[in-house]
Amino acid sequence: MASQLASTSFPYAHLYGTSETTPAQPRTGLMITGSVLGAAIGATYGIFKGQSVRSACTGGMIGAASMGILTTGSMAYADAKKTAARPPVVTLKVPIGPRTSTVSPADADQDRDAENDAPDDIAPGQSYELYRPPPETWDGRLTELLRIANCREVVKVYTNPDLYLNHEYRVVTEAEKVRSKLQTTLKDALQQQKVIAIEAADPHSKYQKFEGLSTQFLANPDKEPCEFMPIRSGQSELPNTAWANTKGRRKRNEDVITTGKLPYQLNGITYTADMLAVFDGHRGGRCAQIVGISLPGHIQDRLHQYCDDKHRLAGIWNALKIGFVDASLAIKEHPEGQISGTAAAMAMKIDNSLWAANTGDSRIILVKGDGQVMQLTEDAKPDNGKFVSSIEKRESNVLFGWDGILRVGGQLSVARTLGNGDQRGHTARPKITRLDGDSYNNFEGCTLLVVSDGVCDYATSDQIGKLAHIMRAWGYSPEKVSRTLTDLILQAGPDNEDSLFPDNTTVVTSFIG
């Protein structure tokens, strides 16, 4: 199915994605077929019974009408049954896109018993953060809707929606606790990078084909690229930043790229964060498109809410956590978010720090000026034991799916995702890492890569990071780096044209220093 590039203009970012259409159901054909079949049966019966042309015509008309009515009734019954099985569209109106809303969060990351009694007038940044705006404001109405009845409409698949929302909207106010979490998450990501590198060293691993293609490319970089599938690419409004994308052998392209500048206010002063994000949709690409547009606005709101001079570290961390949840809750209200969802990998450069937030199995990679590769995100997969407790807390478990792969509830292949309102077990809270520019020479000579899982299926973080570093040293532009990596991934996929792989593939390259 053909996919076309779509863009939207909002003040802080550009979104690149795809559009898709659904073919109309052949209802008219079914009715005609049923009527013709009925006419044939009726005419045959008329001839057999009355042995005359008149009897045949009469029988044909009666048969055609009967079969037409029967076919129409069967389709109506099937539609009614399908509608009954579909999760109902909720009535809670959460605006999608840039807006200001405050949803009451729980107060601590783990233990919540004391926080429930926090006073209403606690200021942001203190030991408790419980926001209850006046009921007469829109924020207040939204808060009450989510806290009381209608939250069950958005998350009604859960037996205890309040408990679910408490898990999602917990915040951490202590800077040391946030710093510890950031270090642990980065350690886990680097550990996964090492494990995959060891796996790639096996001569029979799936990564060996890309290794061979990389060697050939380095030996003959002037050879024309293969590009047996169309590759699209473009420049971002961010300096030295570009992207490339292909749908691979899939019928539709469900990857969406959002890049740009995100302004936010702190103590009346406007700051700007550079943002790169890849959204990998599943069960359709529309959810990824909507979240690609709305997520920056939710994060912008939360940065304004949580950050101040004394609580900048914890404020940014909470803004990313809760901003993702806001976007997920909003898309669940939308019909597209009832059945479809999206993973998200977002990198943001705020002040002199680089933040990486991830749900799903897309990846964010930093290549230092000396060529050292750092994987900043860990794939959130159900087969990773670290995510099992989170899945079970949200009333699901890990089961083998139809394809023999471990999935959340036997359905979702990622442990963390936005949307998927008809599924339990997953969360939109991203895993977050942070690098301080002061410890990395202000990112001098660094290259940032944000890639979808179509890249990670056939190449390790080390392989694509080292290749990107060499191409940059050769003078390649970010767009040429992105296109070259995408082309090599296409070649690394299966040779079988009937295969569904390679998957949608996206590479965003930014020379951040």
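Residues numbered from 1 in each chain as written. Predicted model: local features only at pLDDT ≥ 70, side-chain atom pairs only at ≥ 80, totals over all residues. Heavy atoms only, no water.

### Focus on the overall build of the protein chain
Moving on, step 1. When helices and strands are counted, the protein chain shows 14 helices and 17 strands.
Moving on, step 2. For the protein chain, the proportion of its 513 residues judged to be buried stands at 51%.
Moving on, step 3. Counting every atom, the protein chain has about 22,900 Å² of accessible surface; 55% of that belongs to carbon and sulfur. (Helix = DSSP H or I, 4+ residues; strand = E, 2+ residues; numbered from the N terminus. Buried < 20%, exposed > 50% of the residue type's maximum accessible area, 1.4 Å probe, protein only. Areas by Shrake-Rupley, 256 points an atom, 1.4 Å probe, with all protein chains shown as cover.)

### Description of the nonpolar core
Moving on, step 1. Ranked by size, the top nonpolar core spans 46 residues in total, and within it Ile299, Met348 and Trp355 carry the most contacts.
Moving on, step 2. At the level of secondary structure, the elements contributing two or more residues to this core comprise α5 (161-168), α6 (175-200), β6 (255-266), β7 (269-282), α8 (286-306), α9 (312-333), β8 (341-350) and β9 (353-359).
Moving on, step 3. Top contributing element to this core by residue count: α9, with 12 residues.
Moving on, step 4. Setting aside its immediate chain neighbours within four residues, Trp355 contacts Leu182, Leu313, Ile316, Trp317, Leu320, Met346, Ala347, Met348, Ile350, Ile432, Thr433 and Arg434.
Moving on, step 5. By size, the runner-up hydrophobic cluster in this structure holds 24 residues, among which are Leu213, Val373, Tyr458 and Leu467. (Core = buried A, V, L, I, M, F, W, Y, C linked by side-chain atoms within 4.5 Å. Contact = heavy atoms within 4.5 Å.)

### A short note on the pairing of β6
Moving on, step 1. For β6, the buried fraction is high: nine of the 12 residues fall into the buried class.
Moving on, step 2. Relative to β7, β6 runs antiparallel, the two being bridged by 12 bridges. Directly across from Gln265, in β7, lies its bridge partner Thr270.
Moving on, step 3. Hairpin connection from β6 to β7: two residues lie between these consecutive antiparallel strands, with Asn267 at a positive phi of about 55 degrees. (Pairing = 2+ DSSP bridges.)

### Observations regarding the sheet that holds strand β4 (residues 232-235)
Moving on, step 1. Strand order in this open sheet of six strands is β4-β5-β17-β16-β10-β11, and the pairing throughout is antiparallel. For this open sheet the edge positions go to β4 and β11 (373-375), each flanked by a neighbour on one side alone. Strand-to-strand twist of the sheet, defined as the mean angle between neighbouring strand axes without regard to direction, takes the value 15 degrees.
Moving on, step 2. The sheet contacts of α6 involve β10 (363-367) and β11, and relative to β11 the element is tilted by about 115 degrees.
Moving on, step 3. In the packing of helix α14 (residues 478-492) onto the sheet, the strands contacted are β4, β5 (241-246), β16 (447-451) and β17 (505-511), and the crossing angle to β17 comes to about 150 degrees. (Axes fitted to C-alpha atoms, helices over the stretch in contact; angles between N-to-C directions.)

### Re the confidence of the model for the protein chain
Moving on, step 1. Averaged over all residues, the pLDDT of the protein chain is 75; the fraction at 70 or higher stands at 68%.
Moving on, step 2. For the protein chain, per-element mean pLDDT is lowest for strand β1 (residues 4-6), which scores 28, and highest for β11, which scores 98.
Moving on, step 3. Confidence over residues 1-27 falls short of pLDDT 50; this stretch has 79 contacts with residues more than four positions distant or in other chains.
Moving on, step 4. Low pLDDT, under 50, characterises residues 81-152; the stretch is placed with 133 contacts to residues that sit more than four places away or in other chains. (pLDDT = per-residue confidence, 0-100.)

### Things to note about the pairing of β5
Moving on, step 1. Buried residues dominate β5, accounting for six of its six residues.
Moving on, step 2. Taking every second residue as pointing to the same face, both faces of β5 are buried, with Thr241, Trp243 and Asn245 on one and Ala242, Ala244 and Thr246 on the other.
Moving on, step 3. Here four bridges tie β4 to β5, and the two strands are oriented antiparallel to one another. Bridge pairing in β5 places Ser233 opposite Ala244.
Moving on, step 4. Between β4 and β5, which follow one another and run antiparallel, lie five residues, and Asn240 among them has a positive phi close to 55 degrees.
Moving on, step 5. Sheet topology note: the β5/β17 ladder contains six bridges and is antiparallel. Note on β17: the bridge partner recorded for Asn245 is Thr506.

### With respect to the environment of Val450
Moving on, step 1. Turning to its location among the elements, Val450 is positioned in strand β16.
Moving on, step 2. With relative accessibility at 0%, the residue Val450 sits in the buried group.
Moving on, step 3. Distance from Val450 to Trp243, taken between C-alpha atoms, is 9.2 Å for residues 207 residues apart in sequence.
Moving on, step 4. The contacts of Val450, once residues within four sequence positions are left out, are Leu276, Val278, Ala345, Ala347, Arg363, Ile364, Thr506, Val507 and Val508.

### Let's talk about the pattern of salt bridges
Moving on, step 1. As enumerated under the stated definition, the model contains 11 salt bridges in all.
Moving on, step 2. For Arg394, the salt bridge is made with Glu168, and the minimal N-O distance between the two is 2.6 Å. In this pair, Arg394 is assigned in the loop between α11 (388-393) and β12 (398-400) and Glu168 in helix α5, connecting sequence segments 226 residues apart. Across the pair, exposure class does not vary: Arg394 and Glu168 are buried alike.
Moving on, step 3. Between Asp326 and Arg302 there is a salt bridge, with its nearest N and O atoms 2.7 Å apart. (Salt bridge = Lys/Arg side-chain N within 4 Å of Asp/Glu carboxyl O.)

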